[in-house]
Structures are given as structure tokens and as C-alpha cells.
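# Architecture at a glance
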Amino acid sequence: MSQTLGHIINGEYIPDTARCQDVFNPGLGKVIRKVALASADTVDKAITAAENAFPAWRDTPPLKRARIMFRFHQLLTENADEIAALISEEHGKIHHDALGEFQRGLEVVEYACGAPELLKGEHSKNAGPKVDSWSELQPLGVVAGITPFNFPAMVPMWMFPMAIVCGNTFVLKPSEKDPSAVMRVAELLQQAGLPDGVLNLVNGDKEAVGALLADNRVQALSFVGSTPIAEYIYATGCANGKRVQALGGAKNHALILPDADIDNAVNALMGAAFGSCGERCMAISVAVVVGDELADTMVAKLAAQLATMKVGIGTDNSMEMGPLISKEHMHKVAGYIATAEPEGAKLVVDGRELSVAEYPDGYFLGGSLIDKVKPGMKVYDDEIFGPVLCVVRVASMQAGMELINQHEYGNGTCIFTRDGEAARYFTDNIQAGMVGVNVPLPVPVAFHSFGGWKRSLFGDLYAYGPDSVRFYTRRKTITQRWPSAAVREGVSFSFPS
Ligand code: NAD
């Protein structure tokens, strides 16, 4: 074990070994380093650094902020492989998948490079006679981000590049399970010329989160993680007077109609259900199949593909699926699989049977396929967050849509069909924030915004894209006139019109 990761506060690396937690390589099942867990006092120092950096950063022209983002983008591109390797090492996802995650974060940085355009505001000349009016977008001040383990680089990059180009200063609390990749990303942003204190990174757990929630200098909080914590962050943050967006968990359904291209749909489902070991908030975890004949065909084809899916360590780029994040999570997912048959479903492929000979201590499960799943079963109701695909058989498209709309989560969903009218009806009437048509993971690109409905998002504004400008700024509308010094104006008690 080589090191304990500390914090980055006011441009300085701050070592901290007072309270730590192990960081694992989940493929090896071994501790590879430790990470500090910040005290409330350390969080206070980070907030103070951000507060002190704010006035000068707020007054830095957006063009100059954007130039730092351009340099940051260049450095990120040059170091992509190294960062993806850190993601694979601590998260376990395969290197090509880690590069994909990284690329999606990089695209938010590209969007942030447009700061001067994004922050132009609105102007009305002669809003009234010789009266001009404009709305400008002012930064909030110190804002904070709290992020999950499953996208250790991308999700933090959903937040701080946009918050910073909007003129805010930032305190990031990444996941304590895989903190190294984003620490490297933060170093590169400093190298790109970001002034000290504009981005601060505190490693930590709920103690650090509690300190961010309690501090009234923190104006806004972006959270991404599980629904119970998202709900707590939203309620507490709002009660403490903060602007909060809290993105939570998911159970994403794919609806497959009988006219779909079956082989393409099966391939798409394999990647969407088992990529990144199912540890994606946009993973498809339920295939809703219309008609028994189609369901029989799809289950047989999915089972055949699962028999040859390559499961192994994240650094082996020839693999298709890596390990789960931790031993506890592996047991939790295995526990869900164990409930399937007693609750009346059919376990077609049991991922618990897999072993990866070269890495006997790794947290591996194979992909599981569970057929004849129904609402009320644990594997259907709960977010499992593992490599488990449930198949629910329905008699019609309408029945499938009702099922999807009744689920408590509404993050992403998709339909596989060749019928444009059906697809349009689906996109119009399905209750989810992100919808795909023959696209299994409809993760919006960086110039749109990301967010779910129902219990997948607490708050009004989505992450990144145009909504992030709205979230990280507040609008001020100025009304101005320059009356002639030569004209005396009378008193008026009527409302100005
Ligand atoms: P998590 O909720 O356990 O942790 C997220 C963050 O909250 C971490 O930084 C963690 O330190 C902190 N945290 C954990 N427990 C806390 C507590 N009691 N009090 C205060 N802070 C606490 O989530 P995770 O396991 O890291 O990530 C997986 C979850 O995130 C899944 O539910 C997944 O669906 C969700 N997720 C959602 C999205 C989305 O955009 N909707 C994206 C990625 C992940």
C-alpha cells in the first residue's frame, strides 16, 4: 500500500491521515491505497478557500475562464489513457469503457469552452421609451458537488467545469470508493491555469457531506448517487436555504415490440444491461417483451450471448465486463439473484456460478438473466445496480407502457421497434426523463441536459448542458434610463407602464 490520498485545497495538496478508508482494486480484491476522510474542519478550510477565491474569479471575464477550459481540454486529451487506467484500477470497469466515460466528461468541458456565448444573457433596447432592460446571469458564489462511485471521472465533470465557467468557485466531494481519477483531473485543471481556490477537492464520507450541507456559505449543491441519499440531500439542503439538484437511482426498462430487429435489440440489451457490470444509472435492467413468442426467442438469444460474455479484470481491454465495486456489493447483488426463484421468477442464467480463475479474490459475478419477472418481486422493484437483466412478459405495448409508468423510478427508458407511430406514442407518453428509440442508453450529449423523472431526480434542473447554466447562475434584470439633464420630470404615483 503506497499512499493515503489527501485533499486539494487552495491549490495545495493537503495530506491527511487522521481518518482514512481503504481503496480497493476490485478485480484483485486487494487494498491498493487509502483515502482520507475529511473532518468538518477540513471542509471548512475548503469552503473558506473557495469563498476567498470567489470575488476575483467572479470578475474574471468569461473569455478568460473559457481559455483555461481550452487548456484543460488539451491536457485531459493528452492524459486520457492514464485517467482511464485509474478508473479501471479502482472502479473495475474495462479500459475501453473507462475511456468512453472519460470522453463523455470531456464533452462537458467542450461545452464549458462556450462560456462567453452561454453567459451573454438577454437584452431589450427601448423596453420602454428610452428605457433599456437586460438580464444577466450572475454566479452564485461557493457551490459544491457530491458524486457517486460508478462514474468516478464523468459525473464530477458534469458539475465543476460548468459551475466554474459560470463564475462560481467549487468544493467537490467525490466518492470515497474510487477517488484517484478525479484527483488527477483536478491536478490537470490547476496545471491549465485555474487560480488557487477556484476548485477544491475534499475526500470524505458522510461527515464531509454533512459539513457541506450545514455551511451557509455553500449556495448550491449538486448531488448524484442513490435515491435515499439524494432525497436526504435535497430535503436538508433546501431546508438550509440552498439551491439543490439531487439525481438518484433508477430502474430502466426497454420495451421490445414484435416488429423490432431482434438481433440488434439483443446486442443492444447485452451492452446496456451488462456493460460496466450493470453499475450505470442508465443501465437497462428490465426488458419488457411484448408477446410470449418474442420473449422465448429473446431469452434464448440473450442466454446464448451470456454464455460467451468475457468477464475479467478492467485492465484487460479484451474483456467485456469487469468486477463489481466491492465485496459487500457483490454479496448484495447475489442476494437479489437468490430471491428470484422463491418469488416465482425463472433464473435462466445464474451469474453466481461464474469464477474468474486468474483472479480468485476479485468481486466477480457473471451476467444473470431472470425471466417471468413481475412487479412485487424484489428483483423488479429495487435498483439492483449489478449485472442482472430481468425479463417481464406483457401482452401489448400499452400494458408494457403502463408497467413502466407505474415504476417509482423514471430515469431512462427505450423502445425497440420499426413502427414510427408506436415510437412517437411512446416518446410522448412514457414517464421518464430520457427516452431512446432503438437507442438503449439515451444519455444526452453535453449540449443537452441529463436528468430523470419521479424518484430519479429531486429538484427542477438537470445536470450539464443548458440547465447547468441555469442551475449555476442567478438572473439579475436591470432596467436603465438616462433622462436628459435639461428636462424636469414630474412626480407620478401610477405604476410605471
Ligand atoms: P451513494 O448514494 O452511496 O453515494 C453517493 C455519494 O453520497 C458519495 O459521495 C457518498 O460518499 C455520499 N454518501 C453516501 N452515504 C451518505 C450518507 N449517509 N450521508 C451523506 N452522504 C452520503 O451512491 P453510490 O453507491 O456511490 O452510487 C450508485 C448510485 O448512484 C446508484 O443508485 C445509481 O443509480 C446512482 N447514480 C445516479 C445517477 C443519475 O444521474 N441519476 C448517475 C450515477 C449514479
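Keep in mind that this is a model prediction, so the values were computed, not measured.

A general trend in soluble globular proteins is that nonpolar side chains are found buried together. Counting 71 residues, the largest nonpolar core has Phe72, Leu76, Trp158, Phe160, Ile164 and Phe170 as its most contacted members. The element that contributes the greatest number of residues to this core is helix 6 (residues 154-165), accounting for 10 residues. Looking at this core, you find at least three residues from each of domain 1 (4-248 + 456-478) and domain 2 (252-437). Every residue in contact with Phe72, bar those within four places of it in the chain, is listed here: Val109, Phe160, Val185, Leu188, Leu189 and Ala192. The next biggest cluster of nonpolar side chains, apart from the first, holds 67 residues, and it includes Ile262, Val333, Tyr380 and Phe416.

This brings us to the state of the cysteines. Throughout this description, disulfide means a covalent bond between two cysteine sulfur atoms. Counted by the stated rule, this structure contains zero disulfides. The thiol of Cys414 is unpaired, and the distance to the nearest cysteine sulfur, on Cys281, comes to 14 Å.

Further remarks concern the packing of helix 2 (residues 62-78) against helix 6. Running from N to C, helix 2 and helix 6 point in directions that differ by 150°, and their axes come no closer than 9 Å. Considering the angle they form, helix 2 stands roughly antiparallel to helix 6. Residue-level inspection shows Arg65, Met69, Phe72 and Leu76 of helix 2 in contact with helix 6, the latter providing Met157, Phe160, Pro161, Ile164 and Val165. Along the lines of polarity and charge, the residues of the contact of helix 2 with helix 6 split into eight nonpolar, no polar and one charged.

So, about the side chain of Asp97. Tracing the backbone shows Asp97 in helix 4 (residues 95-112). Residue classification places Asp97 among the buried positions, given a relative accessible area of 16%. Within the structure, the side chain of Asp97 is placed 3.4 Å from the side chain of Ser276, a separation counted as a polar contact. In this structure, Asp97 is in contact with Ser276 and Arg280, ignoring residues within four places of it in sequence.

Attention now moves to the pattern of salt bridges. Applying the stated criterion to the full structure yields 29 salt bridges. Between Arg58 and Asp59 there is a salt bridge, and its shortest N-O distance comes to 3.4 Å. Arg58 gets classed as partly exposed once you look at its relative accessible area, which sits at 38%. Between Lys301 and Asp263 there is a salt bridge; the shortest N-O distance is 2.8 Å. On the criterion of sequence distance, the pair formed by Lys301 in helix 11 (residues 292-308) and Asp263 in helix 10 (residues 262-274) is long-range, its members being 38 residues apart. Take Lys301: its relative accessible area is 31%, and that puts it in the partly exposed class. According to the relative accessible area criterion, Asp263 is partly exposed, its value standing at 42%. One connected set of salt bridges, linked through shared partners, spans Asp44, Glu51, Asp215 and Arg217.

Below, the discussion takes up the domain arrangement of the protein. One can read the domain layout of the protein as domain 1 (4-248 + 456-478) and domain 2 (252-437). For domain 1 versus domain 2, the distance between C-alpha centres works out to 31 Å. In this assembly, 24 residues from domain 1 lie in contact with 26 residues from domain 2. At the surface where domain 1 touches domain 2, the tally comes to one salt bridge.

The next thing to look at is the site of the ligand. Every one of the 26 residues lining the ligand counts as a neighbour, but Lys173, Glu176, Ser226, Gly248 and Glu383 are closest to it. Gly225 places a polar main-chain atom, nitrogen or oxygen, 3.3 Å from an oxygen atom of the ligand. The fraction of the free accessible surface of the ligand (840 Å²) that becomes covered by protein chains is 88%. Looking at the shell around the ligand, the elements that each hand over two or more residues are helix 8 (206-214), strand 11 (218-224) and helix 9 (227-239). Of the residues assigned to the shell around the ligand, the class counts are 14 nonpolar, eight polar and four charged.

Thresholds applied
Residues numbered from 1 in each chain as written. Predicted model: local features only at pLDDT ≥ 70, side-chain atom pairs only at ≥ 80, totals over all residues. Heavy atoms only, no water. Core = buried A, V, L, I, M, F, W, Y, C linked by side-chain atoms within 4.5 Å. Buried < 20%, exposed > 50% of the residue type's maximum accessible area, 1.4 Å probe, protein only. Helix = DSSP H or I, 4+ residues; strand = E, 2+ residues; numbered from the N terminus. Domains from an automatic or database assignment. Contact = heavy atoms within 4.5 Å. Disulfide = S-S within 2.5 Å. Axes fitted to C-alpha atoms, helices over the stretch in contact; angles between N-to-C directions. Parallel < 35°, antiparallel > 145°, perpendicular 65-115°, else oblique. Nonpolar A, V, L, I, M, F, W, Y, C, P; charged D, E, K, R; others polar. Polar contact = N/O pair within 3.5 Å; in protein donor to acceptor, adjacent residues only side chain to side chain. Salt bridge = Lys/Arg side-chain N within 4 Å of Asp/Glu carboxyl O. Near = heavy atom within 4 Å. Areas by Shrake-Rupley, 256 points an atom, 1.4 Å probe, with all protein chains shown as cover.

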